[in-house]
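The primary structure of each chain is shown beneath.
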Amino acid sequence: SLNSISYIKKLLQTGGWSPLTSDRYQWLEVDLGERTRITAVATQGRYGSSDWQTSYLLMFSDTGHNWKQYRQEDSRGFFPGNSNADSVVQYKLQQPAIARFLRLIPLDWNPSGRIGLRLETYGCPYTSDVVSFDGGSSGLVFRFSPGLRRTSREVVSLKFKTVRNAGTLLHAEGEGGLSLSLELERGKLQLLNILRPRRLASLGSLLDDQHWHHVVLERRSSHLNLTVDKHTERVQIPAEFNHWDIKQLGLGAVQSLWSQKPVISKRSFHGCLENLLYNGLNLLERAKHNDQQGNVTFSCTEPVSVAVTFHGPQSFLQLPGAAASSSGGVAVGLQLRTWNKAGLLLTFDLPQHGGVVWLYLSEARLRLQIHKAGRVLLELSAGSALNDGQWHSVELNSRGGRLTIAVDKGEGGSLMVKLTSYSHSSLFCSGCPAEGDSQGCRNPFNVFQGCMRLLTVENQNVDLIMVQQKQLGNYSNLQIDMCGIIDRCSPSRCEHGGRCSQSWTVFHCNCSDSGYSGATCHSSVYQQSCEAYKHNGNTSGHFYIDVDGSGPIKPQLVYCNMTEENTWMVIQHNNTDLTRVRPSPGVNQHLVHFAYSTEEQQLSAAISQSEHCEQELFYHCRKSRLLNTPEGTPFSWWLGGPGSGRIQTYWGGAQPGSQQCACGLQGDCVDPQHYCNCDADRTEWAEDSGLLVHKESLPVRSLVLGDIQRPGSEAAYRVGPLRCHGDKNFWNAAFFDKETSYLHFPTFHGELSADISFLFKTTASSGVFLENLGIKDFIRIELSSSTQVLFSFDVGNGPLEVRVDSSIPLNDNRWHRVRAERNVKEASLRLDELPAATQEAPADGHFHLQLNSQLFIGGTASRQKGFRGCIRSLQLNGVTLDLEERAKITPGVRPGCPGHCSSYGSLCQNQGRCVERANGFQCDCGLSAYTGVFCHTEVSAIFKSGTSVSYTFKEPYELIRNSSTLPSSIYSDMTLRGENVSLSFRTNQSPALLLYISSYYREYLALLINKHGEELEVRYKLDSSRDAEVLRSRVRSLANGQLHTVSIRRLTDSVVLFSPPSESDELDPDLARLAALGFTGCLSVVHFNSISPLKAALLHPDTSPVVITGPLVQSNCGSPASANPYAAENTHHLSDQSGSVGSGQPLVNAIRTDSALIGGVIAVVIFVLVTGLAITARFLYRRKETYRNQDVKGVKQEDSPDFPFNNQTDSQTVSSENRKEYFI
């Protein structure tokens, strides 16, 4: 139990303390007589009064000077007080305070009364062994005898305090001078390897504050744990320290055990140490009893230095002015410590000259200005980087007509001035009093926020204790006899390698190049899988994926192949080529290791997250056996799985542990006596290959090939890249069909930073997605209305809410994404792609989120306001909750959630059709002239003068005879009321026939580039009794090698059917001449209604009614992003009305009202005629027809690289290209 030490009257008795004046400059100080371990404080109002304090600060000190404010959770600086005069409020300190003096400073009190207080402290006596070092020759050495018992765990612990920011604290030396050293450098504690000078760790900050700091150095086999105060860093030590035994511990100025040279050339430690323990042995007690004095003092003698802290905008210190001195000069000196780059240090008037002096910080440099009558008389600057949190000395002197400023005793700025003498009125530091009481003080700069000490005026020390007691000068909003600086970047709250910077009040995280974002670089900017990138509308390419989101695993670069039904993640290694192996003298085995492009942790997580993984294993052999030896042990094997892998004795296509190849499993090996083709040991080349699909054995780490040393043995191997598809986390979903249904999980632990992300879809207008409660704290995310998501929480400062409003209803049964984050700086909420809403955390408040109940998903503990709908891909701090598994055993909740096309169907472009899948969707491009994962990739071909493509519909009687075999995608629209025809082209040919379409009844439509002006021209004859109509554009120079797009739409009341081509067809003489020339150029995305003849010819020639003559080369020439030497392209519009429309040009001929209406829109069809034959896709027929397949010749791919990392053109890039388009 705790001992109670009371220095005021007992709480339940009469009396109490109440100052004469109730303001924030009052305090109650308690001297406990000796250093005491204080564990709790209790307060009560003054007996029988209306006097009590409602909040207060606690300060502690060993000497009665240099006070230190006690902070809870490293942030909250004040304690809530009493609400009446009688109740006792007790607080147990989270970390006991060790001090002799305690000071309570009331901040607020009962507005109807005064400050009133009864106080009790709880604790017990504290004893310690202390030693002082003078920073010179003083030192202690402890040498350990060989008989001292050694363990695998060695621990050195101590406490220290100092006013110096540099010095060697401790030196540990082993055999042969192998040494580690603990040194202070710029107020940080560094662990150094002395033999090979290198810093192993750096921890702590502001350790020169003359307060006690606890240090523990623990060695555990191959690593060290360095702890400074409450923060620990794990250090992997060099291999030479694995069997290191400490032979000597040195403190202060000592010599090496193995040489007579000083161990450290830097300054020795100046300050105090206490309770130095080595493996539990009290070394200071041993030193005192063994008379190992070492020129040290076994007590702690501390210099007294009174500092003052300037907190904010209302802070100022006013000191009396000085009359002109006999030397005619002025001298002001001080030391400062701050994180701010700017702020006024001091200012004073020069009454005799009518000027004003400003000494201030700007861009972390010291600057001096003297103003008079609104202009600058002189300006000086000195120093740099004065906002580094270190103490810096500043001097301002004027002697003999020279004005000088200096920083840290170094060179500064100086000027000759003509002012004969100086005297100044009041001197103001940091800022000026409030308006109305400014006393002529002016401050055009920011106020100074930081600490000052050793303030001198005219070479006389300013007694700040007298200032505190109102006996000298004046002040406001100061903390005197303490420096309240806090290093908010030690330890850094910036995660994932974000760089921390700070001002006096806040810290900032620079997340650039980290792969993370947010106030603390907590949230990943990358998706967690290729599957997620696909559903964002991305196409194949290299992407960074972050498999655990905000977790510790770094992002990794992978290739996402989205050209197939499944979305594949491809991870390369250092040798995916077919590699030949030949016998080498004296070498019985060939060993090869595979290094992957990602780190081990990333690789394991990516495999675990995927639904399926595979890796090809190929062995090509001649007289090189693979698995089966006469003794039954394998000649060759491979290692796969986590880490360095486990030995695997099966080959691709077989089962683990089977010691077989694929042919053995299928029973078709070349020699039935063996289970691998290579084990037949033949002189002919054979192969064993297949896919390894068991994720537990992937990836392949190493390959050991054994039977390669015999004469005539030859082999080749190939291990393909690791390929995985599916994302178990992305599609993990649950459906909640009642407001009272919910899933529960263990308590969510997100004390300092928490991020929650998920997708939802619903038809309900409100409901709670997630809730977790504590005693007082809570966290909750809910759909508060059909257009609003609400994120609310409480960490002890009162509830905070962050809201995002949507302009569209959220209960539209489509997927919506929610991302909420809460950290020590702010809370944020993001909905879909709307701007994030943020709420800053209180500057001086609680920030630990303390929860203790179960986590409820889809409902609440009260079973009210539950959510009805689907929740998917729920992740908390990067960890996915398995909703489906929990839903299987929970009434009212179903695993999975179908119906994705309503959300993702818009990704299917160019008439692509969205097809539902159990996990996701797929775009069916059967009715589109495009291909690709989103039907976004152009199907293009390069035509030579001898190339033709013919797409044919057959005789009506053949159609009827074979009607049962018709593909619906080809004959889905036989009875036509119009046509939609479109194509894209590039050519330098003029004239050129681009398209000719004719019917059984000699009706036709032709698209051509005429010779005159290289204009686009449409000729059409839709009635055999009438002459052909001509529609001509005035846009010229179309044969310029640029990409042009033409779309034709015809509407009519009559029904025209397709007919087959006939030998008796008579072409218009002009068209016949053009057809004879052929076409040279690029044609792309050809479309006629639901038919894509060019796509059929290139991708499905064996199953489509196409005839190809001459060289037809597939190319990306139809892509606007493809390389071409021409200038940027424009868009023109052709209208069916005379005159201009938009940026288009007028037409030569208008269309008769009884003709086909030709107006603009989509898709593409192309037919090119060669050597006098029109490219024939004969349509516009009056009865249904059939077809027969034609022979296909001359189709070839222009580019088929084997390297699997070929990027496809991004759909967004394609659509953004400003190509020429013609709508007819």
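Residues numbered from 1 in each chain as written. Predicted model: local features only at pLDDT ≥ 70, side-chain atom pairs only at ≥ 80, totals over all residues. Heavy atoms only, no water.

S.K.: So what's going on with the overall build of the protein? Residues and values would help.
M.R.: On a plain count of helices and strands, the protein comes out with 11 helices and 82 strands. When the 1224 residues of the protein are sorted by exposure, 54% land in the buried category. Contacts in the protein between residues far apart in sequence, at least 24 positions, make up 71% of those at least 6 positions apart. Summing over all exposed atoms, the protein offers an accessible surface of approximately 52900 Å²; the carbon and sulfur share of this is 48%. (Helix = DSSP H or I, 4+ residues; strand = E, 2+ residues; numbered from the N terminus. Buried < 20%, exposed > 50% of the residue type's maximum accessible area, 1.4 Å probe, protein only. Contact = heavy atoms within 4.5 Å. Areas by Shrake-Rupley, 256 points an atom, 1.4 Å probe, with all protein chains shown as cover.)

S.K.: Outline the packing of aromatic side chains, supporting the account with residue identities and numerical values.
M.R.: The tally for this structure, following the rule as stated, stands at 26 aromatic pairs. Three or more aromatic residues joined by ring pairs form one cluster here, namely Tyr 56, Phe 60, Tyr 70, Phe 79 and Tyr 91. The ring of Trp 391 is capped by Arg 453, whose NZ or CZ atom sits 4.0 Å from the centre of that ring. The aromatic ring of Tyr 475 is capped on one face by Lys 470, whose charged end is 4.5 Å from the ring centroid. (Phe/Tyr/Trp six-rings, centres within 6.5 Å; stacked < 30°, edge-to-face > 60°. Lys NZ or Arg CZ within 6 Å of the ring centre and 35° of its normal.)

S.K.: Would you mind going over helix H4 (residues 600-609) in detail, with residue names and values included?
M.R.: For H4, every residue scored as buried is listed here: Gln 602, Leu 603, Ala 606, Ile 607 and Gln 609. Angularly, the buried residues of H4 cover 165° about the axis, an arc narrow enough to put them on a single face. The secondary structure elements touched by the buried residues of H4 are strand E41 (556-561), strand E42 (568-571), strand E45 (612-622), strand E49 (700-705) and strand E51 (722-725). (Arc of directions from axis to C-beta.)

S.K.: Let's hear about the sheet that holds strand E71 (residues 992-998): which residues, and what values?
M.R.: Read across the open sheet, the four strands follow the order E71-E72-E73-E74; overall the sheet is antiparallel. Only two strands of the sheet have a single neighbouring strand rather than two, namely E71 and strand E74 (1029-1032). Across the sheet, the mean angle from the axis of one strand to that of its neighbour is 15°, orientation sign disregarded. Pairing of E71 with strand E72 (residues 1004-1009) involves six bridges; the strand directions are antiparallel. Counterpart to Ala 992 in the pairing with E72 is Ile 1009. (Pairing = 2+ DSSP bridges. Axes fitted to C-alpha atoms, helices over the stretch in contact; angles between N-to-C directions.)

S.K.: So what about the UniProt feature "domain: EGF-like" (unreviewed entry) in the protein? Which residues, and what values?
M.R.: Per the UniProt entry, the sites bearing "domain: EGF-like" (unreviewed entry) are residues 485-522 and 898-936 in this numbering. Here residues 898-936 is 10% helix and 26% strand, with 25 Å between the C-alpha atoms at its ends. (UniProt positions renumbered as here; feature names shortened; annotations may be inferred.)

S.K.: A description of the pairing of strand E32 (residues 450-457) should follow, citing residues and the corresponding values.
M.R.: One face of the sheet, then the other: side chains in a regular strand alternate in exactly this way. With seven of its eight residues buried, E32 lies for the most part within the structure. Examined bridge by bridge, strand E23 (residues 331-337) and E32 share five bridges and lie antiparallel to one another. Across the sheet, residue Gly 333 finds its bridge partner in E32, namely Thr 456. Hairpin connection of E32 to strand E33 (residues 460-461): two residues between the antiparallel strands, including Glu 458 at a positive phi of 55°.

S.K.: Quick rundown of the side chain of Arg 35? Include the residues and the values.
M.R.: Counting through the fold element by element, Arg 35 comes out in strand E2 (residues 28-44). What makes Arg 35 buried here is its relative accessible area of 17%. In terms of polar contacts, Arg 35 uses its side chain to reach the side chain of Glu 274, at 2.9 Å. Not counting the four nearest positions on each side in its chain, Arg 35 is found in contact with Asp 62, Ile 98, Ala 99, Arg 100, Pro 125, Tyr 126, Ser 128, Trp 212 and Glu 274. (Polar contact = N/O pair within 3.5 Å; in protein donor to acceptor, adjacent residues only side chain to side chain.)

S.K.: Mind laying out the layout of surface pockets, listing which residues take part and the relevant values?
M.R.: Size it by volume and the second largest pocket reaches roughly 1300 Å³. Residue lining of the second largest pocket: 47 residues in total, with Gln 527, Arg 817, Arg 819, Asp 832 and Glu 833 positioned closest to the centre. Elements supplying a minimum of two residues to the lining of the second largest pocket: strand E39 (523-524), strand E54 (754-761), strand E59 (816-822), strand E60 (826-831), strand E63 (869-876) and helix H7 (901-904). (1 Å grid on protein atoms, 1.4 Å probe; cavity = no way out; pocket = protein on both sides within 12 Å on 5 of 7 lines; lining within 4 Å. Points joined across faces, edges and corners; volume = space filled by probe spheres on them.)

S.K.: Account for the nonpolar core, with residues named and values stated.
M.R.: Looking at soluble globular proteins, one finds that nonpolar side chains tend to be buried together. Formed by 64 residues in total, the largest nonpolar core has its most connected members in Tyr 619, Trp 651, Leu 703 and Phe 921. In terms of residues, this core owes the most to one element, E45, which gives four residues. Not counting the four nearest positions on each side in its chain, Tyr 619 is found in contact with Ser 624, Leu 626, Trp 651, Cys 678, Ala 686, Glu 687, Asp 688, Leu 705, Ile 708, Ala 715, Ala 716 and Tyr 717. (Core = buried A, V, L, I, M, F, W, Y, C linked by side-chain atoms within 4.5 Å.)

S.K.: Mind laying out the state of the cysteines, listing which residues take part and the relevant values?
M.R.: As enumerated under the stated definition, the model contains 16 disulfides in all. For Cys 272, the disulfide goes to Cys 300, at an S-S distance of 2.1 Å. Looking along the S-S bond of the Cys 272-Cys 300 disulfide, the torsion reads about 95°, which is the right-handed sense. Here Cys 272 is found in strand E19 (residues 270-278), whereas its partner Cys 300 is found in the loop between helix H1 (283-289) and strand E21 (307-310), with 28 residues between them in sequence. Of the residues examined, Cys 272 reaches a relative accessible area of 3% and is grouped as buried. Judged by its relative accessible area of 26%, Cys 300 falls in the partly exposed class. Cys 441 provides the cysteine sulfur closest to Cys 429, a residue in no disulfide bond, and the two sulfurs are 9.9 Å apart. (Disulfide = S-S within 2.5 Å.)

S.K.: Break down the sheet that holds strand E46 (residues 637-640) for me, citing the residues and quoting the values.
M.R.: In space, the four strands of this open sheet follow the order E44-E49-E46-E47, with antiparallel pairing throughout. Edge positions in the open sheet fall to strand E44 (590-593) and strand E47 (646-648), since each of these has one partner strand only. Taken over all neighbouring pairs, the strand axes of this sheet differ in orientation by 20° on average, direction set aside. Note: E46 against E47, three bridges, orientation antiparallel. Along E47, the bridge assignment pairs Gly 640 with Arg 646.

S.K.: If you had to explain the environment of Phe 745 to someone new, which residues and values would you point to?
M.R.: Structurally, the position occupied by Phe 745 is in strand E53 (residues 743-745). In this structure Phe 745 comes out as buried when scored by relative accessible area, which is 7%. Along the backbone, Phe 745 and Phe 856 are 111 residues apart, and their C-alpha atoms lie at a distance of 6.6 Å. Excluding residues within four positions of it along the chain, Phe 745 makes contact with Gln 854, Leu 855, Ile 857, Leu 881, Asp 882, Leu 883 and Arg 886.

S.K.: I'd love a proper account of the pattern of salt bridges, names of residues and values included.
M.R.: For the coordinates displayed, the defined rule picks out 30 salt bridges. In this structure, Asp 108 engages Arg 24 in a salt bridge whose closest nitrogen and oxygen atoms are separated by 3.2 Å. Separated by 84 residues along the polypeptide, Asp 108 in strand E6 (residues 89-109) and Arg 24 in the loop between strand E1 (3-5) and E2 bring together distant segments of the chain. Three or more residues joined by partner-sharing salt bridges are found here, namely Arg 35, Asp 62, Lys 161, Glu 274 and Glu 302. (Salt bridge = Lys/Arg side-chain N within 4 Å of Asp/Glu carboxyl O.)

S.K.: Run through the confidence of the model for the protein, naming residues and quoting values.
M.R.: The predicted model of the protein has a mean per-residue pLDDT of 81, with 82% of residues at 70 or higher. In this model residues 955-975 is a low-confidence stretch, pLDDT under 50, and it forms 43 contacts with partners more than four residues away in sequence or in other chains. Between residues 1053-1064, whose pLDDT stays under 50, and residues either more than four places distant or in other chains, the model counts 48 contacts. (pLDDT = per-residue confidence, 0-100.)

S.K.: Any details on helix H9 (residues 1069-1077)? Residues and values, ideally.
M.R.: Residue pairs spaced three or four apart in an α-helix point in one direction, given the helix's 3.6 residues per turn. Among the residues of H9, Leu 1071, Leu 1074 and Ala 1075 are the ones counted as buried. With its buried residues spanning 100° around the axis, H9 presents them on a single face. For H9, the exposed residues set more than 90 degrees away from the buried face come down to Pro 1069 and Arg 1073. Where H9 is buried, its residues contact E71, E72 and strand E73 (1016-1021). Of the residues one or two after H9, Gly 1078 is the one with positive phi, at around 70°.

S.K.: Would you mind going over unusual backbone geometry in detail, with residue names and values included?
M.R.: Omega for the bond connecting Ser 490 with Pro 491 falls within 30 degrees of zero, at -5°, which places this linkage in the cis form. Here the bond from Ser 990 into Pro 991 is cis, since omega is 0°, no more than 30 degrees from zero. Inspection of the secondary structure puts Pro 991 in the loop between strand E70 (976-986) and E71. For Asp 229, which is not glycine, the phi dihedral falls at a positive 60°. In this fold, Asp 229 is placed in the loop between strand E16 (223-228) and strand E17 (231-236). We classify Asp 229 as partly exposed; its relative accessible area is 32%. A positive phi angle, close to 50°, is found at Asn 910, a residue other than glycine. Looking at the secondary structure, you find Asn 910 in the loop between H7 and strand E66 (913-917).

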